[in-house]
Amino acid sequence: MSIKELQEVYAKHPNVAGLASLRKNKDIKTVYLEDMHGSCASLFASASVNTMPGIHVFILNDLEEAGYFYHDLVQVDGEADILFFPSSYRRAIKYGQKDAANEILRTEVLSRLEQKKPVTVVTYPEALAEKVVSRKRLSDAMLTLKVGQQEDTVKLMETLSKYGFEHVDYVYEPGQFAVRGSIMDVYSFSSEWPFRIDFFGNEIETIRTFEVQDQLSRDRRDTVEIVPELTRTADEKMPFTSFLPPDTLLVVKDMLYLRETVGRIYQEGFSSQAMTERLEGATEAEQAEIMRDMRRDNQLVSGTRFSEEMSSFRRIEIGHNATGTPDATISFNITPQPLFHKNFDLLTRSLEDYRLMG
């Protein structure tokens, strides 16, 4: 049985229809899904998202859990409308070591949310503990290009340079653009892959993504958003939740753990070691900017504010215990898979028992 076939079977489960019915009732703000284990959560999530499209944010307990959950969803539904929102730091936030690849993924999520189209986001507490660029700043810096649009290439190059993009012979990292005849390559901070924009005169004829290594095209796009680097902006930053429309559905593994983790990260702030490393070799003006940049109030969300922001959204909990008293509970008769430890006799007996139970 393929994963698609398994999803189709799971989509017929009465609890899928039950959850859809509860979601239509605006008076129900919290739902607890009881006894969910293993990958059944991602299969059920996929069926639920397809039943009622919208903006869904799945919050797992850590990077590893979120990675597995994201992979499960992508295996079932493909990559198009499922995005991963990681922390922009390589290690714990307090060490202050940024990861450029993760910043691209974060910007891509914000860009998609700004479009207000259905999308599924998978994330974890460390990623949500960081503030993001304000919606106004992102909107002002976002350049939208569409197939069939009239665009003067010279003015477009000037705009990209104004946004801080570097003019190079061949793009290989975000923040660059290149021009060869009627073709313009742009590597936006809002996409994992660069865009190849083919002009016919001043008209955009085609837009494609492509691989940097072999220059081969990946897929065609009708519309793309080009976004410059925004992580180092001095503008006021906001919690990630400020990008979410009011009808966003949050699906949380452990709400209590999430709140505690975000609060702990804020209390820890940035370590003196991280501050010393960043300040080393910087000019006086650069040091002042770094000091401002590494204030926890500028970069991190306090536990109190995070709890207030989260309370305004409808929520589904899928952990071992519900937080408080949920408005509704849906029970599943699912138990964790037993450990067989290469004991094939035990595996055979278990499969026979399942067959006898239907």
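Rules behind the numbers
- Residues numbered from 1 in each chain as written.
- Predicted model: local features only at pLDDT ≥ 70, side-chain atom pairs only at ≥ 80, totals over all residues.
- Heavy atoms only, no water.
- Helix = DSSP H or I, 4+ residues; strand = E, 2+ residues; numbered from the N terminus.
- Buried < 20%, exposed > 50% of the residue type's maximum accessible area, 1.4 Å probe, protein only.
- Phe/Tyr/Trp six-rings, centres within 6.5 Å; stacked < 30°, edge-to-face > 60°.
- Lys NZ or Arg CZ within 6 Å of the ring centre and 35° of its normal.
- Core = buried A, V, L, I, M, F, W, Y, C linked by side-chain atoms within 4.5 Å.
- Contact = heavy atoms within 4.5 Å.
- pLDDT = per-residue confidence, 0-100.
- Axes fitted to C-alpha atoms, helices over the stretch in contact; angles between N-to-C directions.
- Left-handed = near helix turned anticlockwise from the far one by under 90°.
- Nonpolar A, V, L, I, M, F, W, Y, C, P; charged D, E, K, R; others polar.
- Pairing = 2+ DSSP bridges.
- Expected span 1.5 Å × (residues − 1).
- Polar contact = N/O pair within 3.5 Å; in protein donor to acceptor, adjacent residues only side chain to side chain.
- 1 Å grid on protein atoms, 1.4 Å probe; cavity = no way out; pocket = protein on both sides within 12 Å on 5 of 7 lines; lining within 4 Å.
- Points joined across faces, edges and corners; volume = space filled by probe spheres on them.

1. Considerations on unusual backbone geometry
- Its identity is not glycine, yet Asp35 carries a phi of approximately 65 degrees, on the positive side.
- Here Asp35 shows up in the loop between strand E1 (30-34) and helix H3 (40-51).
- Although it is not a glycine, Gln215 adopts a positive phi angle of roughly 65 degrees.
- Looking at the secondary structure, you find Gln215 in the loop between strand E11 (203-210) and strand E12 (217-221).
- Taking the relative accessible area as the measure of exposure, Gln215 reaches 28% and is therefore partly exposed.

2. A word on the packing of aromatic side chains
- Taken as a whole and judged by the stated rule, the model has seven aromatic pairs.
- These aromatic residues form a ring-pair network of at least three members: Tyr10, Phe44 and Phe332.
- Geometry around Phe243 places Arg135 over its ring, the cationic atom sitting 5.2 Å from the centre.
- Its end group placed over the ring of Tyr266, Arg296 keeps NZ or CZ at 4.5 Å from the ring centre.

3. Some points on the nonpolar core
- The biggest cluster of nonpolar side chains holds 76 residues, and the ones touching the most others in it are Val31, Leu33, Phe85, Phe240 and Leu258.
- Ranked by residues supplied to this core, first place goes to H3 with seven residues.
- Among the nonpolar cores identified, the runner-up in size contains 15 residues, and Val186, Phe195, Ile197 and Val224 belong to it.

4. Focus: the environment of Leu230
- Structurally, Leu230 is set in the loop between strand E13 (223-226) and strand E14 (237-238).
- A relative accessible area of 5% places Leu230 in the buried class.
- Along the backbone, Leu230 and Thr107 are 123 residues apart, and their C-alpha atoms lie at a distance of 8.2 Å.
- Those residues within four positions of Leu230 in sequence are excluded, and the remaining contacts are Val133, Arg137, Leu138 and Ala141.

5. Details of the environment of Lys116
- Structurally, Lys116 can be placed in the loop between helix H5 (100-114) and strand E4 (119-123).
- For Lys116, a relative accessible area of 54% corresponds to the exposed category.

6. Things to note about the confidence of the model for the protein chain
- With 97% of its residues at a pLDDT of 70 or more, the protein chain has an overall mean of 88.
- When mean pLDDT is taken per element in the protein chain, helix H6 (residues 125-128) scores highest with 96 and helix H11 (residues 284-293) scores lowest with 78.

7. Topic: the packing of helix H9 (residues 255-268) against helix H13 (residues 303-310)
- Put simply, H9 and H13 touch, their axes get as near as 8 Å, and they point 145 degrees apart. Here the hand of the crossing between H9 and H13 comes out right-handed. Taken together, the residues of H13 that come into contact with H9 (itself represented by Met255, Leu258, Arg259, Val262 and Gly263) are Gly303, Phe306, Ser307 and Met310.
- Residue classes in the contact of H9 with H13 are distributed as five nonpolar, three polar and one charged.

8. A closer look at the sheet that holds strand E17 (residues 328-331)
- With parallel pairing, the seven strands of this open sheet are ordered in space as E3-E4-E2-E15-E16-E1-E17. Each end of this open sheet is capped by a strand with a single partner; those strands are strand E3 (82-84) and E17. The average angle at which neighbouring strand axes cross in this sheet is 20 degrees, direction not considered.
- With three bridges connecting them, E1 and strand E16 (residues 314-317) associate as parallel partners. Following the sheet pairing, Val31 is matched in E16 by Ile316.

9. Observations regarding helix H14 (residues 344-356)
- End to end, H14 covers 18 Å across 13 residues, agreeing with the expected 18 Å (1.5 Å per residue, within 8%).
- If you check the start of H14, you find a side-chain oxygen 3.2 Å away from the backbone N of Asp345, and it comes from Asn343.
- Directly beyond the C-terminal end of H14, a positive phi value near 85 degrees is found at Gly358.

10. What to know about empty space enclosed by the protein
- Using the criterion set out here, one finds five cavities of 30 Å³ or more in the structure.
- When its volume is computed, the second largest cavity comes out at roughly 90 Å³.
- Contributing elements (two or more residues each) for the lining of the second largest cavity: H3, strand E2 (55-59) and strand E15 (249-252).
- Considering each element in turn, the lining of the second largest cavity owes the most residues, five residues, to H3.

11. Structural notes on the pairing of E11
- Examined bridge by bridge, strand E10 (residues 195-200) and E11 share six bridges and lie antiparallel to one another. Note on E11: the bridge partner recorded for Phe199 is Ile204.
- Bridging between E11 and E12 involves three bridges; their strand directions are antiparallel. Counted as the bridge partner of Ile207 is Arg221 from E12.

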